[in-house]
Amino acid sequence: MADVTVIGTGVIGSGVVRACAAAGLEVAVWNRTERRAREAERLSPRVRVHASAAEAIGSSGITLLCLLNYPVTHRVLEQSGADLSGRLFVQHSSGVPESVGPLQDRVTGGGGRFMEAAILNYPDAIGTDACFTVYGGAPADFAELGPVTKAMSGHQVHLHDEPRYAKAYHVVASAFYYAFVSGFLECAAIAEHIGVPLGEFADSVPLYDPGFENTVRVGLDLIERGDYAYEQAPLTTHIDVLQNLTGAAEDAGVDASYLRVLRDRVRTALEQGHRREHIAILIEQFRARRSTAPHPVEGA
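Residues numbered from 1 in each chain as written. Predicted model: local features only at pLDDT ≥ 70, side-chain atom pairs only at ≥ 80, totals over all residues. Heavy atoms only, no water.

K.L.:
If you had to explain the pairing of strand β2 (residues 27-30) to someone new, which residues and values would you point to?
P.N.:
The two faces of β2 match: V27 and V29 on one face and A28 and W30 on the other face are all buried. Strand direction decides the pairing type here: strand β1 (residues 4-7) and β2, joined by 4 bridges, are parallel. From the neighbouring strand, I7 faces β2, where its bridge partner is W30. On the question of chirality, the crossover connecting β1 to the parallel β2 by way of helix α1 (residues 11-22) is right-handed. Regarding the hand of the β-α-β motif, the stretch spanning β2, helix α2 (residues 34-41) and strand β3 (residues 47-49) is right-handed. (Buried < 20%, exposed > 50% of the residue type's maximum accessible area, 1.4 Å probe, protein only. Helix = DSSP H or I, 4+ residues; strand = E, 2+ residues; numbered from the N terminus. Pairing = 2+ DSSP bridges. Right-handed = clockwise from strand over helix to strand, strands pointing away.)

K.L.:
Give a description of the pattern of salt bridges that names residues and reports values.
P.N.:
This structure, assessed with the given rule, holds 15 salt bridges. Put simply, D141 and R113 hold a salt bridge, and the shortest N to O gap is 2.7 Å. A residue pair is termed long-range when its members are at least 10 positions apart, and D141 in helix α6 (residues 139-144) and R113 in strand β6 (residues 113-119) qualify at 28 residues. On the basis of relative accessible area, D141 is assigned to the buried category, the value being 9%. Among the residues examined, R113 registers a relative accessible area of 25% and is labelled partly exposed. A salt bridge links D264 to R267; its shortest N-O distance comes to 3.7 Å. (Salt bridge = Lys/Arg side-chain N within 4 Å of Asp/Glu carboxyl O.)

K.L.:
Any chance you could break down the packing of helix α4 (residues 70-80) against helix α5 (residues 100-109) for me, citing the residues and the numbers?
P.N.:
In the contact formed by α4 and α5, the axes pass within 10 Å of each other and the chain directions differ by 15°. Taken together, α4 and α5 sit at an angle that is classed as roughly parallel. Judged by the twist between their axes, the crossing of α4 over α5 is left-handed. Across from Y70, T73, H74, L77 and E78 in α4, the residues of α5 making contact are V100, P102, L103, R106 and V107. Its residues assigned to classes, the contact of α4 with α5 shows 6 nonpolar, 2 polar and 2 charged. (Axes fitted to C-alpha atoms, helices over the stretch in contact; angles between N-to-C directions. Parallel < 35°, antiparallel > 145°, perpendicular 65-115°, else oblique. Left-handed = near helix turned anticlockwise from the far one by under 90°. Contact = heavy atoms within 4.5 Å. Nonpolar A, V, L, I, M, F, W, Y, C, P; charged D, E, K, R; others polar.)

K.L.:
Describe the sheet that holds strand β7 (residues 132-136), naming the residues involved and giving the relevant values.
P.N.:
Reading across the sheet, the 8 strands line up as β3-β2-β1-β4-β5-β6-β7-β8 and stay open at both edges, with mixed pairing between neighbours. A strand with exactly one partner marks an edge of an open sheet, and here the two such strands are β3 and β8 (155-160). Put simply, the sheet's adjacent strands are angled 25° from each other on average, direction ignored. Looking at chain direction, β2 and β3 are connected through 3 bridges and run parallel. Note that in β3 the partner of V27 across the bridge is V47. Packing against the sheet, α2 makes contact with β2 and β3, and its axis sits at approximately 160° to β3.

K.L.:
Report on the pairing of strand β4 (residues 62-65), specifying residues and quantitative values.
P.N.:
Side-chain alternation along β4 places I62 and L64 on one buried face and T63 and L65 on a second face that is also buried. In this sheet, strand β5 (residues 88-91) lies alongside β4 in parallel orientation, the contact comprising 4 bridges. In the sheet register, T63 faces β5, and the bridge partner there is F89. On the question of chirality, the crossover connecting β4 to the parallel β5 by way of α4 is right-handed.

K.L.:
Residues and numbers for the packing of helix α11 (residues 236-251) against helix α12 (residues 258-271), please.
P.N.:
At a minimum axis distance of 9 Å, the contact between α11 and α12 shows a crossing angle of 150°. As summarised for this structure, α11 and α12 are arranged roughly antiparallel, according to the angle between their axes. Handedness of the α11/α12 crossing: left-handed. Across from T236, I239, L242, Q243, L245, T246, A249 and E250 in α11, the residues of α12 making contact are L259, R260, L262, R263, V266, R267 and L270. Classifying every residue of the contact of α11 with α12 gives 8 nonpolar, 3 polar and 4 charged.

K.L.:
I'd like a rundown of the state of the cysteines, residues and numbers included.
P.N.:
This model, assessed by the stated rule, comprises 0 disulfides. This cysteine, C20, is not joined by any disulfide, and C66 carries the nearest cysteine sulfur, 8.7 Å off. Free of any disulfide, C131 has its nearest neighbouring cysteine sulfur in C20, separated by 10 Å. Take C131: its relative accessible area is 0%, and that puts it in the buried class. (Disulfide = S-S within 2.5 Å.)

Limitation: the analysis is restricted to geometry and does not speak to function.
In structure tokens, the structure reads:
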């Protein structure tokens, strides 16, 4: 018997296989394309390729699902005809919270147990101190997963006994990440245009690190309290800066800049009479739009 099964040996799956084998676990693997599975097998003598997903699943009590997405995962489980009873399945595919319930029902309907996992870093960090993974599911199941989470290394965090929490966390973390990516790319374009060497641009980024955390902590506290008064950096201090930055972005050839969108949101708030409030008050614009949006018909 293997210690763990990995279904799907793409970039994420092969990283998981590598980490588990390096930690001394016996790993059963299956991949739709056998060549990719054999590449994973060459990582360690502890890795064994199986001819079918059902055979791989049946060879251990824990199966890590590392397929492309939820539809593929459903298809593999359905077509495999694997016996799910008594086994723990951990889904690693990207997706949204709404995708979790149907897969959970499929697994538990077959007598298995289900957890969600979200790896919040590049695959090459798996098995290192830089690996950060969040999980949702029963605490007892997370405890059973101990040898795997130890192999993954870094920060392995159990968020909640409800599996969908892991995917909800992943959605929020990913949105924050892409906001950073968008800002990074636009800033690189501006740096090039105004003659700041990219190396010096990179050196300037750590100067704002404390500011990032402070903005998030202060902003979330004000949002929870619903009181946005904040003399340290009221909205009136942002509009000129954003106006200048929007111009710089346009001069650098950046179209549809996030800076322009943010400037217009600040303008709207100022027109509404919000002058001495923290920029976190802009969340009220999102809430207002959400409250007037049509609600989906139940069951549609």
